[in-house]
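Structural features, examined
Residues per chain are reported as follows:
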Amino acid sequence: MEDDRWTKKQLREQLSVLHKRVEDLEKKTGKLQAMEKILHEGEERFKAVYRCIPVPTITWQKKGRDFILIDYNIACHEFSGGLLKNFMGHQASLLYSDRPDILSNLTRCLKEKSILKWETPYRMFTKGEHRVIAFTFAFVPPDLVLSHMEDITQRKEAEENILRSEKQLRALSARLLVAAENERKRIALELHDSIGQYLTAIKVNAENAIHLLQEHEQMRAAAMLEAGIPIIKQAMDEIRVIMMDLRPTILDDLGILATLSWVCRESQSVHEHIRFGKDLRLREGDIPEPLKIVIYRIVQESLNNAVKHSGCDQVRIGLRKTKQQIILSVSDNGIGFDPDRVSGMEEKRVGLIGMRERTELSGGILIIRSRPAAGTEIKASWPR
Ligand SMILES: Nc1ncnc2c1ncn2[C@@H]1O[C@H](COP(=O)(O)OP(=O)(O)OP(=O)(O)O)[C@@H](O)[C@H]1O
Ligand SMILES: [Mg+2]
């Protein structure tokens, strides 16, 4: 009996073994608790990161053959105008019933355990708004797909605007080239028809005079040469007209103010039924030299347009300065037009576009004020 019982010594030994085990267990439990805490903190941090990612993000979970919307972040809440909460737990197949491409990319992303990126026009199932979205689908094991949605509508619009204006610029420069070529043709034709004819007449006249001199008919030769003088004068006049059209010498000789007065007088003599007025309230020295030809061309085209299109009986050229600006305006009291309707690039006209180009290239702004039945004002201004 005595032998079956543990001796005190044995009991003490067993007790210390048990103590040791309890100590070990306590240590392990402590470690487990610390690990649990770290895990918990990690999870909380992950959730906070997810919530605060600045890109709208949705989490889809695979359920059978479908996906369920199980979470979304703050950016997505804002992007949906706060409406996304109404769609929590909904099936992707219902929300994207009109977008088989999105559904098939969800499945593909999970199946291939991959990241998919693509851009597409998109009608938001929350607000019904139409946007352009850059989607990124990312697989998260074991059964989730994160969907990032970057709204690139504005970027796309800006890209399209750039493309459109590049196309317009190409069309414009093609039209300006054609216009320049036509202008050359017109000058060549004018030289041929007028100056060419005069020179032919002068040549025949000189040949006849030489012939008469060889025949000792001095008097008739002199009369022949004299008859040629008006032809030479006419040729000189024609050359002056063509030169004026190309670049008025008066602009270089006397300046822009004298040129505008001359333009008014010339226009008045050709179009008697229209009253051409001018109001020039600055000095020649106020206008920078390179601006003078620009002002002349704008006035030339504006007067042409007023005479050609407006049916007006009054035109006024104004040129003045303020502290900050030089302001040119050409106005008529004609039928007016809708500037927005004639700015179409498909049209073959270059007058208004050329004016705008010249003004902007010289650092100014061109404004066309016109309405049907309300006359037209072309106003160009340049900073001083
Ligand atoms: N002062 C005006 N009054 C009424 N309509 C005008 C006036 N100026 C321009 N327009 C309208 O705007 C259109 C475009 O003018 P624009 O000067 O660009 O071309 P265009 O005069 O027809 O041809 P071009 O290329 O020879 O100048 C004209 O065809 C005309 O319909
Ligand atoms: Mg014109």
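Reading guide: rules and limits
- Residues numbered from 1 in each chain as written.
- Chains lettered and ligands numbered in written order.
- Predicted model: local features only at pLDDT ≥ 70, side-chain atom pairs only at ≥ 80, totals over all residues.
- Heavy atoms only, no water.
- Donors = N, O, S within 2.8 Å, 3.2 Å for Na, K, Ca; no water.
- Helix = DSSP H or I, 4+ residues; strand = E, 2+ residues; numbered from the N terminus.
- Buried < 20%, exposed > 50% of the residue type's maximum accessible area, 1.4 Å probe, protein only.
- Near = heavy atom within 4 Å.
- Areas by Shrake-Rupley, 256 points an atom, 1.4 Å probe, with all protein chains shown as cover.
- Nonpolar A, V, L, I, M, F, W, Y, C, P; charged D, E, K, R; others polar.
- Pairing = 2+ DSSP bridges.
- Right-handed = clockwise from strand over helix to strand, strands pointing away.
- Polar contact = N/O pair within 3.5 Å; in protein donor to acceptor, adjacent residues only side chain to side chain.
- Contact = heavy atoms within 4.5 Å.
- Disulfide = S-S within 2.5 Å.
- Axes fitted to C-alpha atoms, helices over the stretch in contact; angles between N-to-C directions.
- Parallel < 35°, antiparallel > 145°, perpendicular 65-115°, else oblique.
- Left-handed = near helix turned anticlockwise from the far one by under 90°.
- Phe/Tyr/Trp six-rings, centres within 6.5 Å; stacked < 30°, edge-to-face > 60°.
- Expected span 1.5 Å × (residues − 1).

So, on to the coordination of the magnesium ion (ligand 2). Protein coordination at the magnesium ion (ligand 2): the donors are E301 (OE) and N305 (OD1), at 2.0 to 2.1 Å from the metal. With E301 and N305 both in helix 9 (residues 289–310), this residue pair falls four residues apart, about one helical turn. Summarising the burial analysis for this pair, E301 and N305 share the class buried.

Near ligand 1 lie 15 residues; those nearest to it are N305, H309, D332, V350 and L352. For ligand 1, the protein covers 82% of the area, taking 590 Å² as the surface of the free molecule. When residues of the shell around ligand 1 are traced back to their parent elements, those giving at least two are helix 9 and helix 11 (351–361). Its residues assigned to classes, the shell around ligand 1 shows five nonpolar, six polar and four charged.

Along a regular strand, successive side chains alternate from one face of the sheet to the other. Two strands pair when backbone bridges link them, and strand 6 (residues 275–281) and strand 7 (residues 314–321) are joined in this way by seven bridges, in the parallel orientation. Among the inter-strand pairings, D279 is bridged to a residue of strand 7, identified as G318. Traced from strand 6 through helix 9 to strand 7, the parallel crossover comes out left-handed.

As a further point, take the side chain of D66. Mapped onto the fold, D66 is located in strand 2 (residues 66–72). A distance of 2.4 Å separates polar atoms of two side chains, one belonging to D66 and the other to S93. Leave out the neighbours within four places in its chain, and D66 touches Q61, Q91, A92 and S93.

So, on to the state of the cysteines. In the structure shown here, the tally under the stated rule is zero disulfides. C76 carries a free sulfur, and the closest cysteine sulfur to it, the one in C52, is 14 Å from it. For C76, a relative accessible area of 2% corresponds to the buried category. Note on C264: no disulfide assigned, nearest cysteine sulfur contributed by C312 at a separation of 12 Å.

Put simply, helix 8 (residues 256–270) and helix 9 touch, their axes get as near as 10 Å, and they point 15° apart. As judged from the angle between their axes, helix 8 and helix 9 are roughly parallel. As helix 8 runs across helix 9, the sense of the crossing is right-handed. In this structure, helix 8 contributes I256, T259, L260, W262, V263 and S267 to the contact, and helix 9 contributes K292, I295, Y296, V299 and L303. Considering only residue class, the contact of helix 8 with helix 9 consists of eight nonpolar, two polar and one charged.

Turning our eyes to something else, we now look at the sheet that holds strand 2. Pairing is antiparallel in the open sheet, where five strands are placed in the order 2-1-5-4-3. Strand pairing shows two members of the sheet lacking a second neighbour, strand 2 and strand 3 (115–123), which therefore form its edges. Geometrically, the sheet is characterised by an average inter-axis angle of 30° between neighbouring strands, direction not taken into account. By the bridge criterion, eight bridges tie strand 4 (residues 130–140) to strand 5 (residues 144–151) in an arrangement that is antiparallel. Paired with V140 across the bridge in strand 5 is L144. Along the sheet face, helix 1 (residues 8–52) touches strand 1 (57–63), strand 2 and strand 5 and points at about 120° away from the line of strand 1.

A separate point is the packing of aromatic side chains. Overall, the coordinates contain eight aromatic pairs when judged by the stated rule. Judged by centre distance (5.2 Å) and plane angle (85°), the rings of Y122 and F135 are edge-to-face. One end of the pair, Y122, is in strand 3; the other, F135, is in strand 4, and 13 residues separate them in sequence.

A word on unusual backbone geometry. The amide bond that connects P141 to the next residue, P142, takes the cis arrangement and shows omega of 0°. Non-glycine residue H216 carries a positive phi angle of around 60°. Note on placement: H216 falls in the loop between helix 5 (153–214) and helix 6 (218–246). For H216, a relative accessible area of 64% corresponds to the exposed category. One non-glycine residue, A373, lies in positive phi territory at about 70°. On the secondary structure map, A373 appears in the loop between strand 9 (365–370) and strand 10 (376–383).

Further remarks concern helix 9. Over its 22 residues, helix 9 runs 31 Å from end to end, which matches the ideal 32 Å to within 8%, given 1.5 Å per residue. Two residues or fewer past helix 9, G311 is found with a positive phi of approximately 65°.

It is worth spelling out the sheet that holds strand 10 at this point. Sheet strands pair via backbone hydrogen bonds, and the direction of the pair is either parallel or antiparallel. Read across the sheet, five strands follow the order 6-7-8-10-9 without closing on themselves; strand pairing throughout is mixed. Where the open sheet ends on each side, the last strands, each with one partner, are strand 6 and strand 9. Within this sheet the neighbouring strands show an average axis-to-axis angle of 10°, counted without direction. The strands touched by helix 8 are strand 6 and strand 7; relative to strand 6, the strand with the most contacts, the crossing angle is about 170°.

A separate point is helix 4 (residues 100–112). Between its first and last C-alpha, helix 4 extends 18 Å over 13 residues, near the 18 Å set by a 1.5 Å rise per residue. Those residues of helix 4 hidden inside the fold are in contact with strand 1, strand 2, helix 3 (92–95), strand 3, strand 4 and strand 5. K113 sits one or two residues past helix 4 and shows a positive phi near 50°.

Pairing of strand 1 with strand 5 involves five bridges; the strand directions are antiparallel. Bridged to Q61 within strand 5 is L144. Here six bridges tie strand 1 to strand 2, and the two strands are oriented antiparallel to one another. The residue bridging T59 from the neighbouring strand is D71, located in strand 2. The hairpin turn running from strand 1 into strand 2, its antiparallel successor, is two residues long, and G64 in that turn takes a positive phi close to 65°.

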